[in-house]
Amino acid sequence: MKRKGGQSRSTEPFAAVDVTSLVRSIPDFPIPGILFRDITPLLRDKDGFRAAVDLFVDRYSGQGIDYVVGIEARGYMLGAPVAYAIRAGFVPVRKPGKLPAAKLTEKYALEYGTNSLEIHDDAIGHGHRVLVVDDLLATGGTAGATRKLLERLGARIEGFAFLIELTELHGRERVGDVDVTSFIQY
C-alpha cells in the first residue's frame, strides 16, 4: 500500500505475541497488600499492543457498536484504537473535575478506597449501542459505576470488555446481567 509521498506501508503480519507475558506484576502498589497488574510493558511493545487491541477488535467487529466507552485512564489506551478499528465513536468516562461541560457523576468503592466517575450528559443518546472497555476488572467498582452512568443516559450496553480480570474478586457481580469478556484471567 502506498502512502502520500510514495512511501510504502508494510502489510506483513506482526510477530505472534503472548500478551500475558507482557503484563508485569508489582506487589504492594498502590498500597500494601495489592498486587498491581501493570500493562505498560504491553503498551510499549508494538506487537504486543497490536495483539491486545486485536483481541477486542476480533471479538466486537461487525456488531453494530455505536460507541466504545473507555474508563480513565488505561481504558482510553485500549478503547480508542478499538473504536477506530470497529468504526465506532469513542466516549471517555473520567475521574472528577476533568470534563468541561454538563456531566453526570456516579460514586463507587475501590478495593483500596472510594472515588467517582463522570460522563458528559450529552455523550450518548438514548438507545445507542455501547461497548465499555477497560484494562482490568477487579472488584467491579468502576465498571458498576460506569454501567449506572450509561443507564442514566439511556444507552444500550452491549458488553463490557477487559484485557485482564482478577477472578477471585468477583467483579462480574457488580456489572450485573451484561455480557462480560476478559482475555486474561488471574
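Each value, and the rule that gives it
- Residues numbered from 1 in each chain as written.
- Predicted model: local features only at pLDDT ≥ 70, side-chain atom pairs only at ≥ 80, totals over all residues.
- Heavy atoms only, no water.
- Phe/Tyr/Trp six-rings, centres within 6.5 Å; stacked < 30°, edge-to-face > 60°.
- Helix = DSSP H or I, 4+ residues; strand = E, 2+ residues; numbered from the N terminus.
- Lys NZ or Arg CZ within 6 Å of the ring centre and 35° of its normal.
- Polar contact = N/O pair within 3.5 Å; in protein donor to acceptor, adjacent residues only side chain to side chain.
- Expected span 1.5 Å × (residues − 1).
- Buried < 20%, exposed > 50% of the residue type's maximum accessible area, 1.4 Å probe, protein only.
- Contact = heavy atoms within 4.5 Å.
- Pairing = 2+ DSSP bridges.
- Right-handed = clockwise from strand over helix to strand, strands pointing away.

All right, on to the packing of aromatic side chains then. Ring pairs (aromatic) are described by centroid distance and by the angle formed between their planes. Across all of its chains, the model carries four aromatic pairs by this definition. Relative to Phe36, the ring of Phe29 has its centre 5.2 Å away and its plane inclined at 80°; by these criteria the two rings are edge-to-face. With centroids separated by 6.0 Å and ring planes inclined at 90°, the aromatic side chains of Tyr76 and Phe90 adopt a geometry described as edge-to-face. Taken together, the positions of Tyr76 in helix 3 (residues 74-85) and Phe90 in strand 4 (residues 89-93) put the pair 14 residues apart, joining distant regions of the chain. If you follow Arg37 out to its NZ or CZ, it ends over the ring of Tyr186, 3.6 Å from the centre. In this structure, Arg59 is placed above the aromatic ring of Tyr60, and the distance from its NZ or CZ to the ring centre is 4.6 Å.

The next subject is the side chain of Asp38. Positionally, Asp38 belongs in strand 2 (residues 35-38). Within polar-contact distance, the side chain of Asp38 engages the side chain of Thr40 at 2.8 Å.

Let's shift gears to helix 4 (residues 141-153). In this model, helix 4 (13 residues) spans 19 Å end to end at C-alpha, consistent with the 18 Å of a helix rising 1.5 Å per residue. When you tally the buried positions in helix 4, you get 10 out of 13 residues, the bulk of the element. Within helix 4, the full set of buried residues consists of Gly141, Thr142, Ala143, Gly144, Ala145, Thr146, Arg147, Leu149, Leu150 and Leu153. Backbone geometry just downstream of helix 4 places Gly154 in the positive-phi region, at approximately 85°.

Take the side chain of Asp135 next. Here Asp135 is to be found in strand 7 (residues 129-137). Taking relative accessible area as the criterion, Asp135 reaches 3% and is therefore assigned buried. When near neighbours in sequence (up to four residues on either side) are disregarded, Asp135 contacts Ile39, Arg74, Gly75, Leu78, Phe162, Leu163 and Ile164.

Moving on, we come to the pairing of strand 8 (residues 156-165). A large share of strand 8 lies buried, amounting to eight of its 10 residues. As paired strands, strand 7 and strand 8 are joined by eight bridges and run parallel to one another. Following the sheet pairing, Arg129 is matched in strand 8 by Arg156. Taken together, strand 7, helix 4 and strand 8 form a β-α-β motif whose crossover is right-handed. Across five bridges, the pairing between strand 8 and strand 9 (residues 180-185) is parallel. Each residue of the ladder has a partner; that of Ile164, found in strand 9, is Ile184.

These results come straight from atomic positions and should not be treated as a statement about function.
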